[in-house]
Amino acid sequence: MLNASEDADLAQSPLTPARAVELVKLLAEDAISSKQAKQVFSAIMDEDKDPSVIVEERGMKQVSDTGAIEAVVDAIIAANPDEVARYKEGNTKVIGFFVGQCMKEMRGQGNPKIINSCWPRSWQNSVNAIANVNEGPLMSGSSCVIGRASNASDDARGSIRSK
């Protein structure tokens, strides 16, 4: 980086003012996370490329589509009934497991702010649907809800993988 050498000259750096502004804009628009911004910064310095080019080449753009994220969240909840039971027993730490699984499923491209903001609603809807399936009285209606979430999740994953 710049401070690695006393002879470093900012004017000769690959980080031009335009690239710095572009990087900040990508971060401010939630196109990339702060962790990704650090990676993009390093790549700018190492590869002398524009931030948007680096983000595109590496498939780093975050998914901020609430519907796609909710579909993945719902599918993960539906696929983990034991963890749902632990949550219903009062173990709120299990939410971290579900958030982590969501990020894993979305290959790190899910916008963490959006995931955390939509989690409570998706969690409550999914827990209620799973509870209805497990308890039996609304089994056919509830399984449709869960089936739709799984299909929507497949669509969301497909759109992420196609990038």
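In what follows, the structure referred to is the one given above.
A. Spatial organisation of the environment of F41. Summarising the element assignment, F41 is placed in helix α2 (residues 34-47). On the basis of relative accessible area, F41 is assigned to the partly exposed category, the value being 28%. A C-alpha to C-alpha distance of 8.5 Å links F41 and A20, two positions 21 residues apart in sequence.

B. Focus on unusual backbone geometry. With a phi close to 60°, D30 is a non-glycine residue in the positive phi region. Position of D30 relative to the elements: it lies in the loop between α1 (17-28) and α2. We classify D30 as partly exposed; its relative accessible area is 21%. Of note, the phi angle at D48 is positive, near 55°, even though the residue is not glycine.

C. Spotlight on the pattern of salt bridges. Per the stated rule, a full pass over the model turns up 7 salt bridges. Of the charged contacts in the structure, one is a salt bridge between D30 and K113, with a shortest N-O distance of 3.2 Å. Taken together, the residues D30 in the loop between α1 and α2 and K113 in helix α7 (residues 112-135) connect sequence positions 83 residues apart. Under the relative-accessibility criterion, K113 is labelled exposed at 57%. With a shortest N-O distance of 2.9 Å, E57 and K49 are connected by a salt bridge. The partly exposed category is assigned to K49, whose relative accessible area is 27%. It is possible to trace a salt-bridge network through shared partners that takes in E47, K49, E57 and R58.

D. How the structure looks around the packing of aromatic side chains. Under the definition given, this model contains 1 aromatic pair. Residues F97 and F98 carry aromatic rings whose centres are separated by 5.2 Å and whose planes lie at 75° to one another, so their mutual orientation is edge-to-face. Relative accessible area serves as the criterion here: at 30%, F97 is assigned to the partly exposed category. Judged by relative accessible area, which is 0%, F98 ranks as buried.

E. Focus on the nonpolar core. By size, the foremost hydrophobic cluster in this structure holds 16 residues, and its most contacted members are I69, F98, C102 and M106. Where this core is concerned, the elements lending two or more residues are α4 (66-78), α6 (94-105) and α7. In terms of residue count, α4 provides more of this core than any other element does, 6 residues in total. Counting residues in each nonpolar core, the second largest holds 13 residues, with L26, V40, M45 and M60 among its members.

F. Region of the structure containing the packing of helix α5 (residues 81-88) against α6. α6 packs onto α5 with a crossing angle of 145° between their chain directions and a minimal axis gap of 9 Å. Residues E83, V84, R86 and Y87 of α5 touch α6, and the partners they reach there are V94, I95, F97 and F98. Each residue belonging to the contact of α5 with α6 can be placed in one class, and the counts come to 6 nonpolar, no polar and 2 charged.

Cut-off values and rules
- Residues numbered from 1 in each chain as written.
- Predicted model: local features only at pLDDT ≥ 70, side-chain atom pairs only at ≥ 80, totals over all residues.
- Heavy atoms only, no water.
- Helix = DSSP H or I, 4+ residues; strand = E, 2+ residues; numbered from the N terminus.
- Buried < 20%, exposed > 50% of the residue type's maximum accessible area, 1.4 Å probe, protein only.
- Salt bridge = Lys/Arg side-chain N within 4 Å of Asp/Glu carboxyl O.
- Phe/Tyr/Trp six-rings, centres within 6.5 Å; stacked < 30°, edge-to-face > 60°.
- Core = buried A, V, L, I, M, F, W, Y, C linked by side-chain atoms within 4.5 Å.
- Axes fitted to C-alpha atoms, helices over the stretch in contact; angles between N-to-C directions.
- Contact = heavy atoms within 4.5 Å.
- Nonpolar A, V, L, I, M, F, W, Y, C, P; charged D, E, K, R; others polar.

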